[in-house]
Amino acid sequence: MSSEANALELKDVEIVYQRRHRTPVRAVAGASIAVKPGQIVGLVGESGCGKSTLARAAVGLVAPSAGSVLFHGEPVKPLGLRSRPASLTGLQMVFQDPQSSLNPRRTVGSQLADALEIVRRTPRSGHPARVSELLEQVGLPASASSRYPHQFSGGQRQRIAIARALAADPTVMVLDEPLSALDASAQAQVANLLVRLCRDLDIGMLLISHDLAIVNQVADEVAVMYLGLIVEQGPTGELWRTPRHPYTEALIGAIPQADGEHSQPTVLPGEVPNPAAPPAGCRFHPRCPLAFDRCRTDAPPLLTVEPGRTQACWLQRADVPA
Ligand code: ADP
Ligand code: MG
């Protein structure tokens, strides 16, 4: 896999939050993820495992304490959104809550025009036409331009936030729980929209979600994160059919089934440990039903277990007796 082919590449990224009079939190403890043009990579894991922190590092909103973040081979420097170099405008982020990322007092059209103004690719005279085009791309009528964010549903507001990101002609979008605040039908529609945009515009997407079912529907690749580390990664279908890490298996098992008969608990047993004081050995071992001695003392490295698939677990799942 040549790194040139990656639109976004995070290599061995570590992120430490310093806290006054308290132990620092190593929220990301060495994670690598690559996103190719036109590819959706899902990043899943329970709340608190470091997904948002990694997302913020991917777009330069927090500085990694180690490792590197590359956008088309160029280092992403944490400078803040306003003072970003022009070469990074193609790297866009969409947040969970469009309500808080849109300005309630300005029309949708003027907010999209502002986004066009920052990128300066479209002359001002072309803004109205481009605004209509952006709205159409996200499935909204051109008339949405003269209305205000509160006049839309949650799903429509998320479409507006996506349109605003598209105004920058992004090649990579990092989406942090973009569907979590939406009802089920809006979730499905916006998920379809993301897949379409990814394919039509050749955008690479890092889609963060605690909801493995959604990621299973839309992502080409999945990375599973546990307490600051990627524990398994691979093509979505394969990972879904044959999860190699007990944590991945547990996450998949925790998805509520549509038919009530096979419904499973939605929360994994055991507590998520505090990332400021992670367990020794494999970080998952206190919650792992298959843990044995080595898991309590040695941290398993992330190894390629078959082409395109990595796993960090002392158990080679194929060796586990049935
Ligand atoms: P996720 O998005 O997977 O829920 P986060 O990246 O938000 O996880 O958080 C990872 C860990 O880092 C959590 O333990 C969280 O409490 C901690 N954390 C997040 N932001 C900060 C911060 N600004 N200062 C200190 N700790 C933080
Ligand atoms: Mg988060």
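On a predicted model such as this, the values are computed, not experimentally measured, just so you know. (Residues numbered from 1 in each chain as written. Chains lettered and ligands numbered in written order. Predicted model: local features only at pLDDT ≥ 70, side-chain atom pairs only at ≥ 80, totals over all residues. Heavy atoms only, no water.)

Caption draft 1: Inspection of the overall build of the protein chain at higher detail. The helix and strand tally for the protein chain stands at ten helices and twelve strands. Against the 2.2 N^0.38 benchmark of 20 Å for 322 residues, the protein chain shows a C-alpha radius of gyration of 20 Å, consistent with a compact globule. C-alpha extents for the protein chain along the principal axes are approximately 70 × 45 × 45 Å. Here the protein chain holds 322 residues, and 48% of them are scored as buried. (Helix = DSSP H or I, 4+ residues; strand = E, 2+ residues; numbered from the N terminus. Rg over C-alpha atoms; globule rule 2.2 N^0.38 Å. Buried < 20%, exposed > 50% of the residue type's maximum accessible area, 1.4 Å probe, protein only.)

Caption draft 2: A look at empty space enclosed by the protein. Per the stated rule, a full pass over the model turns up one cavity of 30 Å³ or more. The computed volume of the largest cavity comes to approximately 60 Å³. Considering the residues around the largest cavity, the lining is formed by 13 residues, among which C282, C288, C295, C313 and W314 are closest to the centre. A class-by-class count of the residues in the lining of the largest cavity yields eleven nonpolar, two polar and no charged. (1 Å grid on protein atoms, 1.4 Å probe; cavity = no way out; pocket = protein on both sides within 12 Å on 5 of 7 lines; lining within 4 Å. Points joined across faces, edges and corners; volume = space filled by probe spheres on them. Nonpolar A, V, L, I, M, F, W, Y, C, P; charged D, E, K, R; others polar.)

Caption draft 3: Structural context of the state of the cysteines. Tallying each qualifying case throughout the model produces zero disulfides. Between C282, a cysteine without a disulfide, and C295, which holds the nearest cysteine sulfur, the sulfur-to-sulfur distance is 6.2 Å. In this structure C282 comes out as buried when scored by relative accessible area, which is 13%. Just so you know, C313 is unpaired, no disulfide at all, and the nearest cysteine sulfur is the one on C288, 6.2 Å from it. (Disulfide = S-S within 2.5 Å.)

Caption draft 4: Region of interest: the packing of aromatic side chains. A full pass over the atoms with the stated rule returns three aromatic pairs. A ring pair is formed by Y226 and F284, whose centres lie 5.0 Å apart and whose planes are at 80°; its orientation type is edge-to-face. Within this pair, whereas Y226 is found in strand β9 (residues 221-226), its partner F284 is found in the loop between α9 (246-253) and α10 (293-297), the two being separated by 58 residues in sequence. With respect to class, Y226 is no different from F284; both count as buried. One aromatic cluster in this structure is built from Y226, Y247 and F284. R147 extends its terminal NZ or CZ atom over the ring of F152, reaching a point 4.6 Å from the ring centre. Stacked on the ring of W314, the Lys or Arg R294 has its end atom at 3.6 Å from the ring centre. (Phe/Tyr/Trp six-rings, centres within 6.5 Å; stacked < 30°, edge-to-face > 60°. Lys NZ or Arg CZ within 6 Å of the ring centre and 35° of its normal.)

Caption draft 5: Representation of the packing of helix α5 (residues 154-166) against helix α6 (residues 184-201). Look at α5 against α6: their axes get within 10 Å of each other, and the N-to-C directions meet at 20°. In terms of orientation, α5 lies roughly parallel with respect to α6. In this structure, the crossing between α5 and α6 has a hand that is right-handed. Contacts between α5 and α6 involve G155, R159, I162 and L166 from the former and A186, Q189, V190, L193, L194, L197 and L201 from the latter. In terms of residue class, the contact of α5 with α6 is built from eight nonpolar, two polar and one charged. (Axes fitted to C-alpha atoms, helices over the stretch in contact; angles between N-to-C directions. Parallel < 35°, antiparallel > 145°, perpendicular 65-115°, else oblique. Left-handed = near helix turned anticlockwise from the far one by under 90°. Contact = heavy atoms within 4.5 Å.)

Caption draft 6: Representation of the sheet that holds strand β7 (residues 172-176) in the model. Taken together, eight strands build an open sheet; the order of strands is β6-β7-β8-β3-β9-β10-β12-β11 and the sheet is mixed. The open sheet has two edge strands with one neighbour each: β6 (91-94) and β11 (303-306). The average angle at which neighbouring strand axes cross in this sheet is 25°, direction not considered. Sitting on the sheet, α6 is in contact with β3 (40-44), β7 and β8 (204-209), with an inclination near 160° to β8. (Pairing = 2+ DSSP bridges.)

Caption draft 7: Up close: the sheet that holds strand β4 (residues 66-71). Judged by pairing direction, the sheet is antiparallel, and its four strands sit side by side in the order β2-β1-β4-β5 without closing on themselves. The open sheet terminates on both sides in strands that have one partner only, identified here as β2 (22-35) and β5 (74-75). Sheet topology places strand β1 (residues 8-19) next to β4; five bridges connect them, and they run antiparallel. Looking at β4, one finds that L8 is bridged to F71. Packed onto the sheet, helix α1 (residues 51-58) meets β1, β2 and β4 and runs at close to 115° relative to β1.

Caption draft 8: Structural detail: the pairing of β7. The buried fraction of β7 is high, at five of five residues. In the sheet, β6 pairs with β7 via four bridges, with the strands oriented parallel. Of the residues in β7, the one forming a bridge with L91 is V172. Across five bridges, β7 lies against β8 in parallel orientation. Bridged to L175 within β8 is L207. Running through α6, the crossover from β7 to the neighbouring parallel element β8 is right-handed. (Right-handed = clockwise from strand over helix to strand, strands pointing away.)

Caption draft 9: Molecular detail of the site of ligand 1. With respect to spatial proximity, 14 residues lie near ligand 1, and among them G48, K51, S52, T53 and P275 are the closest. The contact in question runs from an oxygen atom of ligand 1 to an N or O atom on the backbone of G48, over 2.6 Å. Interatomic distance of 2.9 Å between a side-chain N/O atom of K51 and an oxygen atom of ligand 1. Look at ligand 1: alone it shows 560 Å² of surface, and the protein chains cover 65% of it. Elements with a contribution of two residues or more to the shell around ligand 1: β1, β2 and α1. In terms of residue count, the dominant contributor to the shell around ligand 1 is α1 (four residues). Of the residues assigned to the shell around ligand 1, the class counts are five nonpolar, five polar and four charged. (Near = heavy atom within 4 Å. Polar contact = N/O pair within 3.5 Å; in protein donor to acceptor, adjacent residues only side chain to side chain. Areas by Shrake-Rupley, 256 points an atom, 1.4 Å probe, with all protein chains shown as cover.)

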